[in-house]
Structures are given as C-alpha cells and as structure tokens.
Amino acid sequence: MPLYNRLKEHRAKLGVNQAEMGQLVGVSRQTISLIERGDYSPSVTLALKLAAVCGVTVEDIFQYEEQEK
C-alpha cells in the first residue's frame, strides 16, 4: 500500500495508547492499530481528526508514495 504513516510516533508524543486515541477520534483501538500497521487507509475525515488531535497537519502523519510498476 503506498500510504505510509507516522501515527504511532505522534500518538506516543501525546502519551496515549491505541484505545485512547481511538476514543479521541471516534474509532476502535483495532482501527488505530490497522492504520499504524499500514493495513487500513483512513477516510479523509478520520485523517483530519487524527491530525487535529495530534496538533499537526495530515501531511505530517500520512505520506503517499506511488509504487513503481
């Protein structure tokens, strides 16, 4: 998947666990785990919520890279 993220790093700076982060943005701990592992691409709304909670831009957390064919 060409969407990379630094969510775990930003979550650690806040000092919250996956469950707490999920509560802050209205999703489950499992969703946060899937995003951090790169197994799930969040909606634009969720990406914006995560960035707002972390106090950074969406681009600070998520990076899209084209895969070579």
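Residues numbered from 1 in each chain as written. Predicted model: local features only at pLDDT ≥ 70, side-chain atom pairs only at ≥ 80, totals over all residues. Heavy atoms only, no water.

If you look the chain up in an unreviewed UniProt entry, it shows as Helix-turn-helix transcriptional regulator from Candidatus Eisenbergiella merdavium.

A look at the packing of helix 2 (residues 18-25) against helix 4 (residues 44-54)
Here helix 2 crosses helix 4 at 110°, and the two axes come no closer than 9 Å. The angle between the axes of helix 2 and helix 4 places the two elements in the roughly perpendicular class. As helix 2 runs across helix 4, the sense of the crossing is right-handed. For the pair formed by helix 2 and helix 4, the contact residues are M21, L24 and V25 on the first element and L46, K49, L50, V53 and C54 on the second. Grouping the amino acids of the contact of helix 2 with helix 4 by side-chain chemistry returns seven nonpolar, no polar and one charged. (Axes fitted to C-alpha atoms, helices over the stretch in contact; angles between N-to-C directions. Helix = DSSP H or I, 4+ residues; strand = E, 2+ residues; numbered from the N terminus. Parallel < 35°, antiparallel > 145°, perpendicular 65-115°, else oblique. Left-handed = near helix turned anticlockwise from the far one by under 90°. Contact = heavy atoms within 4.5 Å. Nonpolar A, V, L, I, M, F, W, Y, C, P; charged D, E, K, R; others polar.)

Quick word on the environment of F62
Here F62 lies in strand 2 (residues 62-64). Residue F62 is classed as buried on the basis of its relative accessible area of 9%. Sequence-wise, F62 and N5 are 57 residues apart; in three dimensions their C-alpha atoms are separated by 4.4 Å. Non-local contacts of F62, meaning those with residues more than four positions away in its chain, are made with L3, Y4, N5, I35, P42, A47 and L50. (Buried < 20%, exposed > 50% of the residue type's maximum accessible area, 1.4 Å probe, protein only.)

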